[in-house]
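The chain contents come next:
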Amino acid sequence: MDRVTWRTQVLFRHLHDPGPDWLFGLMMQSKLFCPRNVAGRVFVSPDYNQSMEQQREMTMKRIGYLLDRGVFRGWLTEKGPEAEMRKLAFMDVLAIFDHSIAVKLGVHFFLWGGAIQFFGTKRHHDKWLRDTENYAIKGCFAMSELGHGSNVRGIETVTTYDTNSGEFVINTPCESAQKFWIGGAANHATHTIVFSQLNIDGKSQGVHAFIAQIRNADGNICPNIRIADCGHKIGLNGVDNGRIWFDNVRIPRENLLNSVADVSSDGQYLSAIKDPDQRFAAFLSPLTSGRVTIAVSAVYSSKIGLAIAIRYSLTRRAFSVRPNGPEVLLLDYPSHQRRLLPLLAKTYAMSFAANYLKLIYVKRTPESNKTLHVVSSALKATLSWHNMRTLQECREACGGQGVKTENHVGHLKSEYDVQLTFEGDNNVLMQQVSKALLGEYMAAQKRNKPFKGFGLEHMNEACPVIPSQLTSSTLQNCQFQMDAFCLRERDLLNCFALEVSQYLKQGQSKEYAFILSYQLAEDLGKAFSERQILQTFIDAEATVPAGSLKDVLGKLRSMYALICMEEDAAFLRYGYLSTNNAAAVRKEVTKLCSELRPHALALVSSFGIPDAFLGPIAFDWIEAYSWSSTQK
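Residues numbered from 1 in each chain as written. Predicted model: local features only at pLDDT ≥ 70, side-chain atom pairs only at ≥ 80, totals over all residues. Heavy atoms only, no water.

The protein chain carries the name Acyl-coenzyme A oxidase in an unreviewed UniProt entry, which gives Rhamnella rubrinervis as its organism. If you open the UniProt record of the protein chain and go to Subcellular location (unreviewed entry), you find "Peroxisome". Heading Catalytic activity (unreviewed entry) of the UniProt record for the protein chain holds this comment: "a 2,3-saturated acyl-CoA + O2 = a (2E)-enoyl-CoA + H2O2". (UniProt positions renumbered as here; feature names shortened; annotations may be inferred.)

Shown next, in the form of C-alpha cells:
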C-alpha cells in the first residue's frame, strides 16, 4: 500500500464515525439519482435542468425509494445515542448528494418529528411517531412568519381555547402573521406543528406548539386552511416552501404538545415551569437539532468543494517559470496554496468540532441543554460562514470550470446560502452566544466562585502571557496556540462585561446596553467559537499515537490556529500580538502551506466522499470534455 493510500485510510478513521457506505451504493444503483457516465466514470447528482415542480416531485420519489429500502427505520422509534448517531450519519450521506433531500428530511424528522418527541407526551408519541417514520403522514414545522423570523417570541398567530367544545382555535389575525418559508407546506405536508401565542381567558401565556392537519389523505387542503407557494428560490428548489393562513381552525385539545404546559378540559392553564422566559426557552429546543444538522452539512459541503478544487489543482497547469519550460501545476504556486490549504486546515478543524457537536447532542441531558444551545449556535454560525467562504474560493480556484453545475462547486453556493439565515440568523445566534457568556460571567462574579461551563474554566487560571518574540517552534506549539485563544476570549469577555456595565450605569436598559456593545459581542462570539474548535482538534489529535499521521495533524492544527490569528483583527486591535509577532504568524502560515502541499491529495481523499459524488474536473477533465465524449 502506498503512503498516500495508507494515510488516507487512517485519516478517514479519525474524521468519521462508521459510515453507511451501503447508502451511497443505494443511490448509485437507482436512476432516480441520475447516474451518468463521463469518461468511463459514473457520477451521480440531481438534474438541475428540471423545473422547480419537477425537482420537488423527484425529491419525494427519492424519499420513497429510500423509505422502501429501510433507510429511515428507527429514526423516531429507536432510542439511544447509537440510533441517533446512525441517523445523523445517514443525513450526512444524503446531504452530500443533494441539499434539498436533506432539508426535506430534516423538516419531517428533526423538526416535525423532533417537536412531537420533545414537546409531546406519550399520547402524542403513540399516535404520531410511527406514522411519521413510515411517511403515513408528512409533517412540516410552522414557526416563521412573514413579520417574524428570528424573533419567535413576537409571532402573531393566536390560539384560544373554547371550553364549550373542548377545542383550540388557531387564527391568523393579520397578513404579517401568515406562516412563511414552511418547508413541505406548498405541496406535500399533511400536518404541521403550529407555533402560536396561546390566549386563555384573555391572558397571553406565550408561545406554544400545536398539531394541525392541513391536507387530507388525498392531498386536498383542509377547510379553513389557505396555502400559497413561496415560489422559485436561488437554491433548494427541491423543497416546497409554502405559506399558511389559519382561519379559525379548530383542533382537539389533545393536539397541544403538552410536555411543558397543558390546558385542562375546563380551560385552566397548567405548567410546572412558572417562569415565562424558561417556558419559552423550552419551546425552542427542537431548533437545536436543526442547528446540529446544518453545522455538519456545512462541513461536508466545504469538503466537496475542497476535494474538487484541490484535485483539479493537482492536474491543471498554467504558465511556466522559465522559457520553454513545462507549465506549473496550480497547487505548486505558493499563492494557490495560500488560497486553498488554510481553508483545508479549517475544514479539518471544523470537522472535529462537528463530530463533537453530534456527540454532545446525542448524549444531551436536561442539565446540558444550555451548553448544547450555546455550542450549537456558535458552530452553526461559524461553520456555515466558513462553508460559503470556502465554496467561493474553490469556485474561483477552478476558473471557468467552477461555473459548470456538474462540477458542483458554484452550484453549492446557491444551495447552501440559506444556511446563513435559517434556523437562526448567524449574527443573531452569535449575539446569543455572547449574551450567554456574559450571563455566566455575571453569575460567577455574583457567586464569587470559579467559572464552570462553556469551556470558560480557563478564566480561573492565571492570564496567559504571549512571548515578545515568536519563533517557528513556539508558533506551532499547541499550548501557545491555546494560550493565545484563551487570552483573546477572556480579555474580550472582561471588556464586554465592563462596557455593558458602563451603559447600565448611564441608565440604559440591559437589552439596549447589550445592543450598543454589539462590536465586542461579535468579537467575543468569534473568539469563543474558534477556541472551542481548537480544543476539539487538540482532543482528537491527542488520541493519535506518535508518528507521521500525528505530524500531519499537528501541521493542520497549527495552520488552523495561525490562520485564525492572522485573519482576526482582534489580535492586533486589542494588543494580543505585536506587529512583529503578527508578521511572524503570517510568515509561518506560508511555511505551513509548503509543508502541507505534499499531503494535499491524501487529506482530501480522507474525507471519504466517493468519486461518484464529486465532479468531472476532479479527475481526467481532458477526457471528460473531449470531442468523443460528446458523441456518446
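Student: Please give an account of the UniProt feature "binding site: FAD" (unreviewed entry) in the protein chain that cites residues and values.
Tutor: Mapped onto this numbering, the UniProt entry gives "binding site: FAD" (unreviewed entry) at Gly183. With respect to the helices, strands and loops of the structure, Gly183 is situated in strand 6 (residues 179–183). Here Gly183 falls in the buried class, since its relative accessible area comes to 12%. If near-sequence neighbours (up to four positions away) are discounted, Gly183 is found in contact with Val107, Cys140, Val239, Asp240 and Asn241. (Helix = DSSP H or I, 4+ residues; strand = E, 2+ residues; numbered from the N terminus. Buried < 20%, exposed > 50% of the residue type's maximum accessible area, 1.4 Å probe, protein only. Contact = heavy atoms within 4.5 Å.)

Student: Before we move on, can you summarise the side chain of Thr382 with the specific residues and values?
Tutor: When you line up the elements, Thr382 lands in helix 10 (residues 369–397). From its side chain, Thr382 meets the backbone oxygen of Ala378 in a polar contact 2.8 Å long. Excluding anything up to four places from it in sequence, Thr382 contacts Met350, Met430, Ser529 and Ile533. (Polar contact = N/O pair within 3.5 Å; in protein donor to acceptor, adjacent residues only side chain to side chain.)

Student: Which residues make up helix 6 (residues 122–133), and what are the values?
Tutor: An α-helical turn contains 3.6 residues, so any two residues separated by three or four positions project in the same direction. If you check helix 6, its first and last C-alpha atoms are 16 Å apart, about what twelve residues at 1.5 Å a residue would give, namely 16 Å. Those residues of helix 6 lying buried are His124, Trp128, Leu129, Thr132 and Glu133. Projected down its long axis, helix 6 carries its buried residues within an arc of 120°, all on one side. Residues of helix 6 that are exposed and point over 90 degrees away from its buried face: Asp126, Lys127 and Arg130. Those residues of helix 6 that are buried are in contact with helix 3 (52–68), helix 5 (99–119), strand 7 (191–200) and strand 8 (203–213). Where helix 6 terminates, the next one or two residues include Tyr135, which has phi positive at roughly 60°. (Expected span 1.5 Å × (residues − 1). Arc of directions from axis to C-beta.)

Student: Tell me what's going on with the confidence of the model for the protein chain, and back it up with residues and numbers.
Tutor: Of all residues in the protein chain, 97% attain a pLDDT of 70 or more, and the chain-wide mean is 94. Within the model, pLDDT remains below 50 along residues 13–19, and this stretch shows 19 contacts once partners closer than five positions in the same chain are excluded. (pLDDT = per-residue confidence, 0-100.)

Student: Summarise the packing of helix 9 (residues 334–362) against helix 17 (residues 548–567); cite the residues concerned and give the values.
Tutor: Between helix 9 and helix 17, whose axes approach to 8 Å, the crossing angle comes to 105°. With respect to each other, helix 9 and helix 17 are oriented roughly perpendicular. In this structure, helix 9 uses Arg338, Leu341, Pro342, Ala345, Lys346, Tyr348, Ala349 and Phe352 to contact helix 17, whose residues at the interface are Leu553, Leu556, Met559, Tyr560, Ile563, Cys564, Glu566 and Glu567. Each residue belonging to the contact of helix 9 with helix 17 can be placed in one class, and the counts come to twelve nonpolar, no polar and four charged. (Axes fitted to C-alpha atoms, helices over the stretch in contact; angles between N-to-C directions. Parallel < 35°, antiparallel > 145°, perpendicular 65-115°, else oblique. Nonpolar A, V, L, I, M, F, W, Y, C, P; charged D, E, K, R; others polar.)

Student: Account for the environment of Phe246, with residues named and values stated.
Tutor: When you line up the elements, Phe246 lands in strand 10 (residues 241–246). Residues Phe246 and Val158 lie 88 residues apart in sequence; the distance between their C-alpha atoms is 9.5 Å. If sequence neighbours within four positions are ignored, Phe246 has contacts with Ile170, Asn171, Thr172, Lys179, Thr192, Val194, Ala212, Asn224 and Ile225.

Student: Describe in detail the packing of aromatic side chains, supporting the description with residues and values.
Tutor: Taken as a whole, this structure holds 26 aromatic pairs when the rule is applied. An angle of 75° between the planes, with centres 6.0 Å apart, marks the rings of Phe119 and Phe195 as edge-to-face. One end of the pair, Phe119, is in helix 5; the other, Phe195, is in strand 7, with 76 residues separating them in the sequence. A relative accessible area of 1% places Phe119 in the buried class. A network of ring pairs unites the aromatic residues Trp22, Phe72, Trp75, Phe90, Phe109 and Tyr135 as a single cluster. Cation over ring: Arg153 sits above Phe280, and NZ or CZ is 4.3 Å from the ring centre. The ring of Tyr361 carries the charged tip of Arg364 above its face, separated from the ring centre by 4.1 Å. (Phe/Tyr/Trp six-rings, centres within 6.5 Å; stacked < 30°, edge-to-face > 60°. Lys NZ or Arg CZ within 6 Å of the ring centre and 35° of its normal.)

Student: Before we move on, can you summarise the sheet that holds strand 9 (residues 225–229) with the specific residues and values?
Tutor: Ordered in space as 6-10-9, the three strands form an open sheet in which the pairing is antiparallel. What marks the edges here is a single partner per strand, and that holds for strand 6 and strand 9. Here the average twist between neighbouring strands, direction ignored, is 35°. Examined bridge by bridge, strand 9 and strand 10 share five bridges and lie antiparallel to one another. When the sheet's bridge partners are listed, Ala228 is paired in strand 10 with Arg243. (Pairing = 2+ DSSP bridges.)

Student: Just give me the short version of the environment of Ala583, but keep the residues and values in it.
Tutor: Tracing the sequence through the fold places Ala583 in helix 19 (residues 579–596). Taking the C-alpha atoms as reference points, Ala583 and Leu470, separated by 113 residues in sequence, lie 9.8 Å from one another.

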